[in-house]
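Each chain, letter by letter, is given below.
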Amino acid sequence: MTTSCSKRTDRTGYSGEDLSNILSIQRDRTSKQTVLTVASPVSWKIYSGPSANSIDLRAPLLEGYEAGEYVLDVPADYRSYFQVVTPKGEALLAEQHLPLEGAFNFRDLGGIRTAEGRYVK
């Protein structure tokens with residue numbers, strides 16, 4: 001349910017083709033810089049938010065039309081979530097390597113794709 005104070009303007013999630021083989025998000029451990037890697041030339045738009053339910057889909061954080069690595073301007077002090085939209089589909093992404101030092105739970109592991117193509121619950 002979306003509340004009146006939510007920034008969310010549309011539903012996020014997965015649709016269309018599986019984009020996990022051409023898109024990934026990584027945060028450099030030292031510099032804390034977040035990078036989107038696009039492995040195949042396709043037009044794309046990426047949106048961000050502090051949680052999967054609060055991604056603002058009104059204006060993209062960045063958009064492009066080519067393969068490459070793109071630095072994302074997001075806060076370094078918390079994990080950001082991303083909705084990527086391409087002509088082939090949509091995918092919800094977050095960085096794969098989680099800083100678990102001092103963590104109280106492992107809920108952020110949910111949604112990570114396994115080598116067998118399934119998802120962690």
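Calculation criteria
- Sequence order sets the numbering: in each chain, residues are counted from 1 along the sequence as written.
- Totals for whole chains, interfaces and linings use every residue, but because this is a predicted model, local features are given only for residues with pLDDT of at least 70 and side-chain atom pairs only at 80 or more, for both listing and counting.
- To get the side-chain values, all heavy atoms of the structure are used, and hydrogens and water are removed first.
- Within this scheme, the nonpolar core is defined by two criteria: the residues are buried Ala, Val, Leu, Ile, Met, Phe, Trp, Tyr or Cys, and they are joined through side-chain atoms within 4.5 Å.
- With a 1.4 Å probe rolled over the protein chains alone, any residue whose accessible area is under 20% of its type maximum counts as buried; one over 50% counts as exposed, and the rest are partly exposed.
- Per the convention used, a helix needs a DSSP run of H or I reaching at least four residues, while a strand needs a run of E reaching at least two, with both numbered from the N terminus.
- Contacts between residues were defined by any pair of non-hydrogen atoms, one from each residue, lying within 4.5 Å.
- Salt bridge, as applied in this entry: a Lys or Arg side-chain nitrogen positioned within 4 Å of an Asp or Glu carboxyl oxygen.
- Two strands form a pair only when DSSP identifies at least two bridges running between them.
- Only the stretch in contact is used when a helix axis is fitted, and all axes are lines through C-alpha atoms; the angle between N-to-C directions ranges over 0 to 180 degrees.

**Quick look at the nonpolar core**
In step 1: Leu23, Ile25, Leu36, Ile46, Leu72, Phe82 and Leu93 are the most contacted members of the largest nonpolar core, which totals 15 residues.
In step 2: Among the secondary structure elements, those contributing two or more residues to this core are strand 2 (23-27), strand 3 (34-38), strand 4 (44-49), strand 7 (81-86) and strand 8 (89-94).
In step 3: Beyond its immediate chain neighbours, meaning those up to four positions away, Leu72 contacts Ile25, Thr34, Leu36, Ile46, Leu61, Leu62 and Phe82.
In step 4: Tyr47, Tyr81, Leu92 and Ala94 belong to the second-largest nonpolar core, a separate cluster that totals six residues.

**Here's the deal with the environment of Asn21**
In step 1: Within the fold, Asn21 resides in the loop between strand 1 (15-16) and strand 2.
In step 2: By relative accessible area, which is 62% here, Asn21 ends up exposed.
In step 3: In sequence terms Asn21 and Ser40 are 19 residues apart; their C-alpha atoms lie 9.0 Å from each other.

**Some points on the pattern of salt bridges**
In step 1: Going through the model one piece at a time under the given rule, you end up with one salt bridge.
In step 2: The closest approach of N and O atoms between Asp56 and Arg58, which form a salt bridge, is 2.9 Å.

**A closer look at the sheet that holds strand 4**
Neighbouring strands of a sheet are bound in pairs by backbone hydrogen bonds; such pairs are parallel or else antiparallel.
In step 1: What the five strands build is an open sheet, ordered 1-8-7-4-5; its pairing is antiparallel. Looking at which strands have only one partner, the edges of the open sheet turn out to be strand 1 and strand 5 (62-64).
In step 2: Where strand 7 meets strand 8, six bridges bridge the pair, whose relative direction is antiparallel. Considered in strand 8, the bridge of Val85 is made with Glu90.

**Some remarks on the sheet that holds strand 2**
In step 1: Ordered by their spatial adjacency, three strands build an open sheet running 2-3-6, and the pairing between neighbours is antiparallel. The open sheet has two edge strands, strand 2 and strand 6 (68-72), and neither has a second partner. Across the sheet, the mean angle separating the axes of adjacent strands is 25 degrees when strand polarity is ignored.

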